[in-house]
Amino acid sequence: MISDTPRPLNIAPDASVVVVTGAGVSAESGIATFRDKGGVWEQYDLERVATPEGFAADPDLVWRFYSERREQVLRCDPNPAHRALAALERFLQARGRFLLVTQNVDGLHQRAGSREVLPIHGSLLRTRCSNDGCPTRPVDDERSYKNGAPRCPECGSWLRPDVVWFGEYLDPEMERQARLAIADCDWFLAVGTSGVVHPVAGYVEIAADMGVPRVLVNLEPPANVRAFTSFYQGKAGEVLPVLLSFAL
Ligand code: BJW
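Here's a quick rundown of the structure.

About the criteria used
Per chain, residues are indexed from 1 in the order of the written sequence. Note on the predicted model: pLDDT of at least 70 is required for a residue's local features to be given, and 80 or more for side-chain atom pairs to be given and counted; whole-chain, interface and lining totals, by contrast, use all residues. As a rule here, side-chain values come from all non-hydrogen atoms in the structure, and water together with hydrogens is ignored. For the purposes of this entry, the term helix denotes a DSSP run of H or I that reaches at least four residues, the term strand denotes a run of E that reaches at least two, and both are numbered from the N terminus. Every radius of gyration here is taken over C-alpha atoms, with the globule rule written as 2.2 Å times N^0.38, N being the number of residues. Throughout this description, buried means an accessible area under 20% of the type-specific maximum (1.4 Å probe, protein chains only), exposed means over 50%, and partly exposed covers the range between. We call two residues contacting when some pair of their heavy atoms lies within 4.5 Å. Computed with a 1.4 Å probe, the accessible areas rest on the Shrake-Rupley method; for each residue, only the protein chains presented here act as cover. None of His or the chain ends enter the tally, which takes Lys and Arg as positive and Asp and Glu as negative. By convention, the point assigned to a charge is CZ for Arg, NZ for Lys, CD for Glu and CG for Asp. For helices, the fitted line uses only the C-alpha atoms of the stretch in contact; every axis is such a line through C-alpha atoms, and the angle between N-to-C directions lies from 0 to 180 degrees. We call two directions roughly parallel when the angle between them is under 35 degrees, roughly antiparallel when it is over 145, roughly perpendicular when it lies between 65 and 115, and oblique otherwise. With the far helix as reference, a near helix turned anticlockwise by less than a right angle produces a left-handed crossing, and one turned clockwise produces a right-handed crossing. Under the grouping applied here, Gly and all other residues not named as nonpolar or charged are polar, the nonpolar ones being Ala, Val, Leu, Ile, Met, Phe, Trp, Tyr, Cys and Pro and the charged ones Asp, Glu, Lys and Arg. When DSSP finds two or more bridges between two strands, those strands count as paired. Each cavity reported here is a set of points on a 1 Å grid over the protein atoms alone in which a 1.4 Å probe fits but cannot get out, each pocket an open set with protein on both sides within 12 Å along at least five of seven lines, and each lining residue one with an atom within 4 Å of a point. Grid points are joined across faces, edges and corners, and a volume is the space filled by probe spheres set on the points.

On to the overall build of the protein. Tallying secondary structure elements over the protein gives 10 helices and nine strands in all. Whereas a compact globule of 248 residues would reach a radius of gyration of roughly 18 Å, the protein reaches 18 Å, a difference of no more than 12%. If you line up the protein on its principal axes, its C-alpha atoms span 55 × 35 × 30 Å. Here the protein holds 248 residues, and the buried ones make up 52% of them. Considering only contacts in the protein between residues 6 or more positions apart, those separated by 24 or more positions represent 71%. By element, 49% of the accessible surface of the protein is carried by carbon and sulfur atoms, the whole surface being about 11,900 Å². Charge separation in the protein, taken as the distance between the mean sites of 26 positive and 32 negative side-chain charges, equals 3 Å.

With that settled, consider unusual backbone geometry. Trans is the common state for peptide bonds, and a negative phi is the common state for residues other than glycine. Look at the link from His198 to Pro199: it is a cis peptide, with omega at 10°. Counting through the fold element by element, Pro199 comes out in the loop between strand E7 (187-191) and helix H9 (203-210).

Glancing now at the packing of helix H6 (residues 80-92) against helix H10 (residues 236-243). Closest axis-to-axis distance for the H6/H10 pair is 7 Å, and the angle between their directions is 25°. Between H6 and H10, the angle falls in the class roughly parallel. Along this stretch, H6 crosses H10, giving a crossing that reads as left-handed. Here H6 contributes Pro80, Ala81, Ala84 and Leu85 to the contact with H10, which in turn contributes Ala236, Gly237, Leu240 and Pro241. Class assignment of the residues belonging to the contact of H6 with H10 gives a composition of seven nonpolar, one polar and no charged.

Overall, antiparallel pairing links the three strands, which are arranged E5-E4-E6 in an open sheet. Whereas interior strands pair on both sides, the edge strands pair on one side only; in this sheet they are strand E5 (139-140) and strand E6 (159-163). Pairing between strand E4 (residues 122-129) and E5: two bridges, direction antiparallel. Paired with Arg126 across the two strands is Asp140, which belongs to E5. Lying on the sheet, helix H5 (residues 59-75) is in contact with E4 and E6; it crosses E4 at an angle near 135°.

The subject of this paragraph is the layout of surface pockets. Computed from the structure, the largest pocket encloses a volume of approximately 950 Å³. Lining the largest pocket are 47 residues; nearest its centre among them are Gly22, Ala23, Phe34, Arg35 and Ser194. The set of elements that each furnish at least two residues to the lining of the largest pocket consists of helix H1 (24-27), helix H2 (40-43), H5 and strand E8 (214-218). Taken together, the residues of the lining of the largest pocket break down into 24 nonpolar, 15 polar and eight charged. Space inside the second largest pocket adds up to approximately 410 Å³. Residue lining of the second largest pocket: 24 residues in total, with Arg128, Arg160, Asp162, Val163 and Val164 positioned closest to the centre. Taken together, the elements giving at least two residues each to the lining of the second largest pocket come down to helix H4 (52-57), E4, E6 and helix H8 (172-183). If one sorts the elements of the lining of the second largest pocket by residue count, E4 sits on top with four residues. Among the residues forming the lining of the second largest pocket, the class breakdown is 13 nonpolar, four polar and seven charged.

Shown next as structure tokens:
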């Protein structure tokens, strides 16, 4: 698919817009993506650090991995792509509708001022008990656990990062809200995602069934590029401020 030339999108102030973001939107903030050259999965075996089985086998290793990423996120700031999406939300605030579904666990959209955010793969800066029956609720947590995995003060089970690993179900309420919003939107935008991780990779198909414009901004053509009606190849921090200049 050939890349389009970035021009302001014709989004009306009473439109309903759903945006899906992935790791590429935070790349210009200095946070490594997963599957690009030099990405996270080149340095770590995903089976060992991002599955429940990997955590059961070696919780210390998993906490070292997440502690390093916590420290990295705390050193980084939102970039022009995060800020352009926050501006789009403000543009629609009075008469339109907006939902940002992010696969990112870094909290940068919220720090840039986005309000209607579904962090559908969880949050890097939250910790919860690995025992689903334990009454301890997830807590905001910026600490590092490089010297050993922490235990739950209530039940003694391992504490874990509050993120969604491979083979785990996403929060059903967030999934429901995302799918409902997409089935009722006028515009669907995807930014910085390789389109391989389900269920989010399939969300564009819901928008396709509704026949609405489906805009993609990505450095490389991703796996599901053909499901989109426009593709802007480039850096999110450079392309989004042009596409959304009417809101800035
Ligand atoms: C730029 C840029 C710049 C770079 N500007 N762009 C259906 C079919 C096949 C498999 C499945 C299926 N349904 C479910 C599955 C299993 C599995 C899955 O999808 N597997 C596939 C990989 C094969 N899914 C799951 O297990 C999910 N659970 C689930 O579905 O439960 C039910 C179920 C289970 C089992 C079987 C069937 C049903 C859970 C998925 C959880 C993913 N978790 C992670 C880790 C989260 C915590 C953490 O951060 O550590 O989420 S994995 C990782 O991938 C992370 C990301 O959110 C996610 C997506 O990655 P993303 O964001 O797309 O990043 P990249 O690096 O892949 O791509 C970045 C892109 O940006 C690139 O394209 C660049 O070009 C671009 N880019 N710089 C713009 N400046």
